Amino acid sequence: MEAFVIRGGKRLEGTLRVDGAKNAVLPILAASILTEDKVTLEDVPQITDAAHMAEILEILGCRVTRSGRVLTVDSGNLSQWEMPDRLSKQIRSSIFLLGPILSRFRKATVTYPGGCEIGLRPIDLHLRGLRRLGVVVTEEGGLIHCDGSRMRPGDVYFDYPSVGATENVMMAAVLLDGVTTIHNAAREPEIVDLQNFINAMGGHVRGAGSHAIEITGVKHLRGVIWTPVPDRIVAGTLLAAAAITGGEIELTHAPGGDMVAVLSKLREMGCDIREEEARLCLRAPARLTAFAQLQTQPHPGFPTDMQVQMLALLAVAEGTGIIVENVFENRFTHAGDLNRMGANILCSGRTAVVRGVEQLYGARVTARDLRGGAALVLAGLRAQGETQVDQACLIDRGYDHLEDQLGALGADIRRTAL
Ligand code: UD1
């Protein structure tokens, strides 16, 4: 087991380039099996979720090679339609493979997927969407069997704009003969990237980024070289790291246009932010000011994946603020650790009331999920003394060597084996 050890108090300064987005890479890796040709992805971060997804693809029969930040998937010999149990339980994104596998084999068997422990995270919307495309789903002993022998295009309406379910139905419909429409689709920028990737392979998808996505089936997709969009959550986390230390940083290759909600909250807290093309410059005040309220929402609302980092910022801001988590039901699990570091956070159900304190103190704390782990690191950057964040492996799921990135900005942080 590894941990991050941080000595707080350093003001972050400098320039950093933002990595390719985890949430774009994962569905695109899944979609790469929609063609038998070779797919090359550039700028893929070294994160364990991507490594696990690549491992699943290999078990299914693909040849996956990695050279630095370039990943190549050759699914010409794809032979398996049953998803490996252990890895599926490790990452929730394994569920993305359901649509593409059905598209290739017209059958698929999956187990209930895993991922962060941030709530129930059911897959009913995925299954309901696929049923609308004629897939017969039966569940037996923890396994989900999908029979796609009668798959056809259709009209899919989601009661809630689930990101994963939208992507799954998109991928399942790409090779069906006719037009599929997804209503009340999720609008996240990574869905637009998936659409653009599929279209670059010869698919015909339009409307991503809006509430209605139309997929006109094509007979065949070809290989492509693709660079996923930059990671707006990593960018947001780095800005938050600078903000909590009263620092001044510049991010290049940053998706500012997709970060309106996050930038607006950081500005409300007193940060001066300049946006120029793919560049974001943030200058933080010595002490942040609390915003009155933040509510997480599907995009373009405030992203749930940035909520807990803002909780850490609010913990040391001047004044009192409220955060309401509307997307996942169990996302304040790190409030207890922040309180152990001196914060004053009161949680009840989906609401957290935060009274800002002047100082946090180093402590030994534990990451329980990816973003919560990152938030504890941010708190450590600001705390007096030494903070140890256990379970660095959870942070590695979505941040490429966070210690190197923050270290490059002047943070005193190291990885240690326990
Ligand atoms: C994706 C992101 C994740 C982000 C989340 C919300 C990826 C790889 N992951 O996850 O980082 O936190 O969007 O922005 O892109 N739900 C159901 N039934 C379903 C599916 C979802 O009830 O079948 C619920 C979930 O429990 C949750 C909400 O819908 O409460 C949002 O989930 P969803 O949008 O599907 O998130 P993911 O695709 O899992």
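None of these values were measured; they are calculated from a predicted model.

A.B. asks: Please give an account of helix α5 (residues 124-132) that cites residues and values.
C.D. replies: Restricting attention to buried positions, one finds in α5 the residues Leu125, His126, Leu127, Gly129 and Leu130. Looking at the buried residues of α5, the elements they touch are α4 (98-105), β7 (136-140), β8 (143-147), β9 (155-157) and α6 (163-173). Just downstream of α5, Gly134 is the residue with a positive phi angle, here 90°.

A.B. asks: Lay out the sheet that holds strand β10 (residues 179-183) in plain terms, naming residues and giving numbers.
C.D. replies: Pairing within the open sheet is mixed, and its 4 strands lie in the order β9-β10-β12-β11. One side of each edge strand has no neighbouring strand; the edge strands of this open sheet are β9 and β11 (205-206). As defined by bridge partners, β9 adjoins β10 across 3 bridges and the pair is classed as parallel. Of the residues in β10, the one forming a bridge with Asp155 is Thr181.

A.B. asks: So what's going on with the nonpolar core? Residues and values would help.
C.D. replies: Judged by nonpolar contacts, the single largest core of 77 residues is most densely connected at Leu251, Leu266, Met310, Leu311, Leu313 and Leu406. The dominant element in this core, judged by the number of residues it contributes, is helix α8 (residues 232-244), at 10 residues. Residues in contact with Leu266, not counting those within four places in the same chain, are Leu239, Ala243, Cys271, Ile273, Leu282, Met310 and Leu313. With 69 residues, the next largest nonpolar core counts Ile56, Cys62, Val73 and Val135 among its residues.

A.B. asks: Please set out the site of the ligand residue by residue, giving values where relevant.
C.D. replies: The ligand sits among 19 residues. The nearest are Asp124, Leu125, Ser162, Asp305 and Val327. One nitrogen or oxygen atom from the side chain of Asp305 is found 2.6 Å from an oxygen atom belonging to the ligand. Between an oxygen atom of the ligand and a main-chain N or O atom of Val327, the distance comes to 2.6 Å. Relative to its unbound accessible area of 740 Å², the ligand is 88% covered by the protein chains. Contributing elements (two or more residues each) for the shell around the ligand: α5 and α6. The greatest single-element share of the shell around the ligand, amounting to 3 residues, is contributed by α5. Of the residues in the shell around the ligand, the class split is 8 nonpolar, 6 polar and 5 charged. Counting contributing residues, the shell around the ligand receives three or more from each of domain 1 (2-19 + 230-417) and domain 2 (22-226).

A.B. asks: Any details on the domain arrangement of the protein chain? Residues and values, ideally.
C.D. replies: Its domain assignment divides the protein chain into domain 1 (2-19 + 230-417) and domain 2 (22-226). Spacing between the C-alpha centres of domain 1 and domain 2 amounts to 30 Å. Each partner contributes residues to the interface: domain 1 has 25 residues there, and domain 2 has 22 residues. Buried area between domain 1 and domain 2, summed over both chains or domains, comes out near 2000 Å², and the portion from carbon and sulfur atoms is 48%. Remark: the boundary between domain 1 and domain 2 carries 5 salt bridges.

A.B. asks: Could you give me a rundown of the environment of Glu276, with the residues and numbers involved?
C.D. replies: Mapped onto the elements, Glu276 comes out in strand β15 (residues 272-276). Through-space distance from the C-alpha of Glu276 to that of Glu42 is 24 Å; in sequence the pair is 234 residues apart. Within the local environment of Glu276, its side chain forms a polar contact with the side chain of Arg274, the two groups lying 2.8 Å apart.

A.B. asks: Can you explain the packing of aromatic side chains? Please cite residues and give values.
C.D. replies: Summed over all chains, the structure comprises 2 aromatic pairs. When the ring of Trp81 is compared with that of Phe105, the centres are 5.8 Å apart and the planes differ by 55°; the resulting orientation is tilted. Here Phe105 lies in helix α4 and Trp81 lies in the loop between β5 (70-74) and α3 (85-90), a separation of 24 residues in the sequence. According to the relative accessible area criterion, Trp81 is partly exposed, its value standing at 28%. When its relative accessible area of 23% is taken as the criterion, Phe105 is described as partly exposed. Measuring from ring centre to ring centre gives 6.0 Å for Phe197 and Trp226, while their planes differ by 70°; the resulting arrangement is edge-to-face. Placement of the pair is Phe197 in helix α7 (residues 189-200) and Trp226 in strand β13 (residues 224-226), with a sequence separation of 29 residues. You'll find Phe197 and Trp226 in the same group, each marked buried. When the ring centre of Trp81 is taken as origin, the NZ or CZ atom of Lys107, which lies over that ring, is 3.8 Å away.

Here is what the cut-offs are and how they apply
- Every residue gets a number counted from 1 within its own chain, in the order that chain's sequence is written.
- Residues qualify for local features only when their pLDDT is at least 70, as the model is predicted, and side-chain atom pairs are given and counted only at 80 or more; totals for whole chains, interfaces and linings, by contrast, use all residues.
- The side-chain quantities take in all heavy atoms of the structure and omit both hydrogens and water.
- Burial classes follow relative accessibility: with a 1.4 Å probe on protein chains only, a residue under 20% of its type's maximum area counts as buried, one over 50% as exposed, and anything between as partly exposed.
- Secondary structure elements follow DSSP: runs of H or I no shorter than four residues count as helices, runs of E no shorter than two count as strands, and numbering proceeds from the N terminus.
- The contact rule is simple, with two residues in contact once any of their heavy atoms fall within 4.5 Å.
- Here, a strand pair is defined by DSSP locating no fewer than two bridges between the strands.
- Here the nonpolar core consists of buried residues drawn from Ala, Val, Leu, Ile, Met, Phe, Trp, Tyr and Cys, with membership extended through side-chain atoms lying within 4.5 Å.
- Whether a residue is near a molecule or strand depends on its heavy atoms: it is near if one of them lies within 4 Å of it.
- Polar contacts, as counted here, are pairs of nitrogen or oxygen atoms within 3.5 Å of one another; within protein the pair requires one atom able to donate a hydrogen and one able to accept it, and residues that are adjacent in sequence qualify only if both atoms are side-chain atoms.
- All accessibility values rest on the Shrake-Rupley procedure with a 1.4 Å probe; residue burial counts only the protein chains present in the view.
- Residues are grouped as follows: Ala, Val, Leu, Ile, Met, Phe, Trp, Tyr, Cys and Pro are nonpolar; Asp, Glu, Lys and Arg are charged; every other residue, Gly included, is polar.
- Domain segmentation is taken from an automatic or database assignment of domains.
- The term buried area means the drop in 1.4 Å probe accessible area that two parts suffer when joined, counted for both and summed.
- What counts as a salt bridge is simple: a side-chain nitrogen of Lys or Arg found within 4 Å of a carboxyl oxygen of Asp or Glu.
- Any two rings among Phe, Tyr and Trp, with Trp reduced to its six-membered ring, count as a pair given centres within 6.5 Å; such a pair is stacked if its planes are under 30 degrees apart, edge-to-face if over 60, and tilted if neither.
- Lysine NZ or arginine CZ positioned within 6 Å of the ring centre and within 35 degrees of the ring normal marks a charge as sitting over the ring.

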